[in-house]
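# Structural overview
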Amino acid sequence: MKKLFFLLGVALLVASCSSGTVSEFAKHDKMYKNWDHMKYSWWGYRNPSEETMKQSIDEGWWGTDVPYVPGE
């Protein structure tokens, strides 16, 4: 009986987590813009350079800027 309640609880949790809302992350087909972006995110972030900053801006690694609006 305990197993039944546990499985029912897990099923309800999974069902509630997969409701109709889709996060912004799930809307994209990939996580990294290109291989350079992946290499930087995995290893290069500890020692950024002027070159990697320029490359990230030119290739649009970080998506679009979202302005901060106080009070929302």
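Procedures and definitions
- Residues numbered from 1 in each chain as written.
- Predicted model: local features only at pLDDT ≥ 70, side-chain atom pairs only at ≥ 80, totals over all residues.
- Heavy atoms only, no water.
- Phe/Tyr/Trp six-rings, centres within 6.5 Å; stacked < 30°, edge-to-face > 60°.
- Helix = DSSP H or I, 4+ residues; strand = E, 2+ residues; numbered from the N terminus.
- Buried < 20%, exposed > 50% of the residue type's maximum accessible area, 1.4 Å probe, protein only.
- Contact = heavy atoms within 4.5 Å.
- Patch = residues over 30% accessible without salt bridge, like charges linked within 9 Å, V, L, I, M, F, W, Y side chains within 5 Å.
- Areas by Shrake-Rupley, 256 points an atom, 1.4 Å probe, with all protein chains shown as cover.
- Salt bridge = Lys/Arg side-chain N within 4 Å of Asp/Glu carboxyl O.

## Some thoughts on the packing of aromatic side chains
Inspection of the entire model under this criterion finds four aromatic pairs. Their ring planes at 70 degrees and their centres at 6.5 Å tell us that Tyr 40 and Trp 62 sit as a pair that is edge-to-face. With Tyr 40 in helix H2 (residues 35-42) and Trp 62 in the segment after helix H3 (50-59), this residue pair connects regions lying 22 residues apart in the sequence. Residue classification places Tyr 40 among the buried positions, given a relative accessible area of 17%. Ring plane angle 80 degrees and centroid distance 6.3 Å describe the contact between Trp 61 and Trp 62, whose orientation is recorded as edge-to-face. Through successive ring pairs, a cluster of aromatic residues spans Tyr 40, Trp 61 and Trp 62.

## Quick look at the side chain of His 37
By the secondary structure assignment, His 37 is in helix H2. Not counting chain neighbours up to four residues away, the residues in contact with His 37 comprise Met 31, Tyr 32, Trp 61 and Trp 62.

## Focus: a nonpolar patch on the surface
On the surface, a cluster of nonpolar side chains totalling about 600 Å² of accessible area is made up of Met 1, Leu 4, Phe 5, Leu 8 and Leu 12. Of note, Met 1 is situated in the segment before helix H1 (2-17).

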